[in-house]
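Residues per chain, in single letters:
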Amino acid sequence: MMKTAINKATYALNLKAILGIGFVFLCSGGVYAQNFTLINQKPAQEQAMDGQNAPAKTPESKAYEVPQAYIANEQEDSRYTLGADDVLTITVQRHVELSGKYTINMEGKIQFEFVGDILIVGMTKEQAALVITKRLGKYIIKPDVTVVITEYNSKVVYVVGEVGNPGKIFMRGDTISVRDALLDANLPQLTAATEKATLFTPADNGKVVLRKVNVYALLYKGDLRQNYVMKPGDTLYLPATLWAKVARFINPVTQPIAQAAGTAVSVHAL
């Protein structure tokens, strides 16, 4: 009897401890949700005050403006220059034996039958078609050549952190805007600190240029000053919010306790 009473008392104390930790976790989750809303969305009154206190744009006050060289222009030519690993579909009318898929090698050339290697790296597909036509003209009367890019593999940027699909973004132009890169990465997650993103751009001198990007202002307020131009090799990083980090720290601690509590209840029921 004494042993049974001790076991019941121990079980009751363990159950209270588990319930207490669970209550703390639930409270932390509620505070996280509330603070996430406060971080990512300003009250209407505060937004109105921001609009009233915004400095007037005059020729003398341009310190807050971003250099235009870094901002993506909606009218910018999105041409694509060919590079290594790109795959082309080349069609020569009336000459099926010369048509097919060709991969640009690391030397920037394609190995074309009957003609030999043709250097086309750095060209547009239209320029490559002219070069191939000129080379084939020595062997074929008035060749009609069409070049189509089948796979874009030579130019990539990286979007990492709190996005839906982090990793490589294969570019379909020589540049890509931050907004387009975020769309390709399936947009920021709710756990992202969207006002604290960073764009890393490798420089020619071996150093890295860092620029802060307010993704929230870009996507949800239409601030195109945040729509920077990304070039091959650039990385856009979206960090997690503080409360997301706290929740991820607490979860591994509370999960074993929750499993133990479920096991104890099952044993008691038996």
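Residues numbered from 1 in each chain as written. Predicted model: local features only at pLDDT ≥ 70, side-chain atom pairs only at ≥ 80, totals over all residues. Heavy atoms only, no water.

Visitor: Honestly, the sheet that holds strand β2 (residues 100–103) in this entry has me stumped. Any pointers?
Guide: Two strands in a sheet stick together by hydrogen bonds in their backbones, pointing the same way (parallel) or opposite ways (antiparallel). Ordered in space as β2-β1-β5, the three strands form an open sheet in which the pairing is antiparallel. If you trace the sheet from one side to the other, it starts and ends with β2 and β5 (145–151), each paired once. For this sheet, the mean inter-axis angle between neighbouring strands, taken without regard to orientation, is 30°. In the sheet, strand β1 (residues 87–92) pairs with β2 via four bridges, with the strands oriented antiparallel. Following the sheet pairing, Val87 is matched in β2 by Thr103. On top of the sheet, helix α3 (residues 125–136) reaches β1 and β5; it is set at about 135° to β5, its chief contact. (Pairing = 2+ DSSP bridges. Helix = DSSP H or I, 4+ residues; strand = E, 2+ residues; numbered from the N terminus. Axes fitted to C-alpha atoms, helices over the stretch in contact; angles between N-to-C directions. Contact = heavy atoms within 4.5 Å.)

Visitor: Help me out: how do you make sense of the pattern of salt bridges in this one?
Guide: Any two side chains of opposite charge can pair, given that their charged atoms come close. For the structure shown, the criterion picks out two salt bridges. A salt bridge links Arg225 to Asp223; the shortest N-O distance between them is 3.1 Å. Exposure remark for Asp223: the relative accessible area of 17% places this residue in the buried category. (Salt bridge = Lys/Arg side-chain N within 4 Å of Asp/Glu carboxyl O. Buried < 20%, exposed > 50% of the residue type's maximum accessible area, 1.4 Å probe, protein only.)

Visitor: Just to check I follow, could you spell out the packing of aromatic side chains for this structure?
Guide: The final tally for this structure, using the stated rule, is three aromatic pairs. Between Tyr80 and Tyr152, the ring centres sit 4.8 Å apart and the planes meet at 80°, which makes this aromatic pair edge-to-face. On the criterion of sequence distance, the pair formed by Tyr80 in the loop between α2 (44–53) and β1 and Tyr152 in the loop between β5 and β6 (156–161) is long-range, its members being 72 residues apart. Tyr152 carries the same exposure label as Tyr80, and that label is buried. Plain terms: the ring middles of Tyr102 and Phe112 are 4.9 Å apart, the flat faces sit at 10° to each other, and that makes the pair stacked. Note that Tyr102 is positioned in strand β2 and Phe112 in strand β3 (residues 109–112), a separation of ten residues in sequence. Between the NZ or CZ atom of Lys155 and the centre of the ring of Tyr80, over which it lies, the distance is 4.5 Å. (Phe/Tyr/Trp six-rings, centres within 6.5 Å; stacked < 30°, edge-to-face > 60°. Lys NZ or Arg CZ within 6 Å of the ring centre and 35° of its normal.)

Visitor: Help me understand α3 in this model?
Guide: Each α-helix winds once per 3.6 residues, and so residues spaced three or four apart point in a common direction. The end-to-end C-alpha separation of α3 is 16 Å, in line with the 16 Å expected for twelve residues at 1.5 Å each. Where α3 is concerned, the buried positions are Ala128, Ala129, Ile132 and Leu136. An end-on view of α3 places all buried positions within 100° of arc, on one side of the element. Projecting away from the buried face of α3 at angles above 90 degrees are the exposed residues Leu130 and Lys134. On the buried face of α3, the contacting elements are β1, β3, β4 (116–119) and β5. (Expected span 1.5 Å × (residues − 1). Arc of directions from axis to C-beta.)

Visitor: For this particular structure, what's the right way to read the environment of Ala84?
Guide: Relative to the assigned elements, Ala84 resides in the loop between α2 and β1. A sequence separation of 69 residues divides Ala84 from Asn153, and the C-alpha atoms of the two residues are 7.6 Å apart. Setting aside chain neighbours within four positions, we find Ala84 in contact with Ile104, Asn105, Met106, Asn153 and Ser154.

Visitor: Would you mind going over the nonpolar core with me for this structure?
Guide: Side chains of nonpolar character tend, in soluble globular proteins, to be buried together. Residues Ile90, Ile110, Phe112, Ile120, Ile132 and Leu136 are the most contacted members of the largest nonpolar core, which totals 23 residues. Taken together, the elements giving at least two residues each to this core come down to β1, β3, α3 and β5. In terms of residue count, the dominant contributor to this core is α3 (four residues). Look past the residues within four positions of Phe112 in its chain and what remains in contact with it is Ile90, Val92, Leu98, Tyr102, Ile118, Ile132 and Leu136. Judged by nonpolar contacts, the second largest core, of 20 residues, contains Val178, Leu182, Ala185 and Leu199. (Core = buried A, V, L, I, M, F, W, Y, C linked by side-chain atoms within 4.5 Å.)

Visitor: Which parts of the structure should I look at to understand the environment of Asp174?
Guide: Tracing the backbone shows Asp174 in the loop between β7 (167–170) and β8 (176–177). Taking the C-alpha atoms as reference, Asp174 lies 9.0 Å from Met230; in sequence the two are 56 residues apart. Excluding anything up to four places from it in sequence, Asp174 contacts Arg79, Tyr80, Thr81, Lys155 and Pro232. Only 2.9 Å separates the side chain of Asp174 from the side chain of Thr81, close enough to count as a polar contact. (Polar contact = N/O pair within 3.5 Å; in protein donor to acceptor, adjacent residues only side chain to side chain.)

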